[in-house]
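Next come the chains, spelled out residue by residue.
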Amino acid sequence: MQAITAKHNVTIEIIDAITKEVIDVRRTHNLLTSNGLNWLVALIAGSETRPTNINLGTGLTDPAATDIALETQVYTGEIDRRLLDDAKVTHRIFVPSGSANGNTLSEEGLFRGSWLIARAKIHPAIVKTVAVELTIAHEITVS
């Protein structure tokens, strides 16, 4: 019998707010929480719905399976795009230049409502100012 695995990856593009050029890209792996595993099973069973938002925070602790929230959430981004490709789905948000400013963003989470599905650390952390915009893509691959 083959086991099903779910892998999570996060890609963050840091974009110059004036030129719209990508000035840096951060990639990290994400941890599926215990609630996230339960969500995935319920989604397969048809009793759960898809993720709704990707949130950002300034917390410094490492992600743990028992996490139920970001450590210090400072921004909620409604998912504005979903891409499906083979056994992979990507959820995306855009953080405009006027949002989340004055924060050093160091954690990311995929949510369905207030339910944390997966969490990742952003390293190095991103100092968000009006000079930058962000595109965050949270990818789930099932194999």
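Parameters and conventions
Residues numbered from 1 in each chain as written. Predicted model: local features only at pLDDT ≥ 70, side-chain atom pairs only at ≥ 80, totals over all residues. Heavy atoms only, no water. Salt bridge = Lys/Arg side-chain N within 4 Å of Asp/Glu carboxyl O. Buried < 20%, exposed > 50% of the residue type's maximum accessible area, 1.4 Å probe, protein only. Helix = DSSP H or I, 4+ residues; strand = E, 2+ residues; numbered from the N terminus.

1. Topic: the pattern of salt bridges
Within this structure, the stated rule accounts for eight salt bridges. Arg-26 is paired through a salt bridge with Asp-24; the nearest N and O atoms lie 2.9 Å apart. A residue is classified by how much of its surface remains accessible, and Arg-26, at 15% relative accessible area, is buried. Of the residues examined, Asp-24 reaches a relative accessible area of 31% and is grouped as partly exposed. One salt bridge in this structure joins Arg-112 and Glu-48, with 2.5 Å as the shortest N-O distance. Taken as a pair, Arg-112 in strand 8 (residues 103-112) and Glu-48 in the loop between helix 1 (34-45) and strand 4 (53-57) lie far apart in primary sequence, 64 residues in all. Salt bridges here are not isolated pairs; linked through shared partners, they connect Asp-67, Glu-107 and Arg-119.

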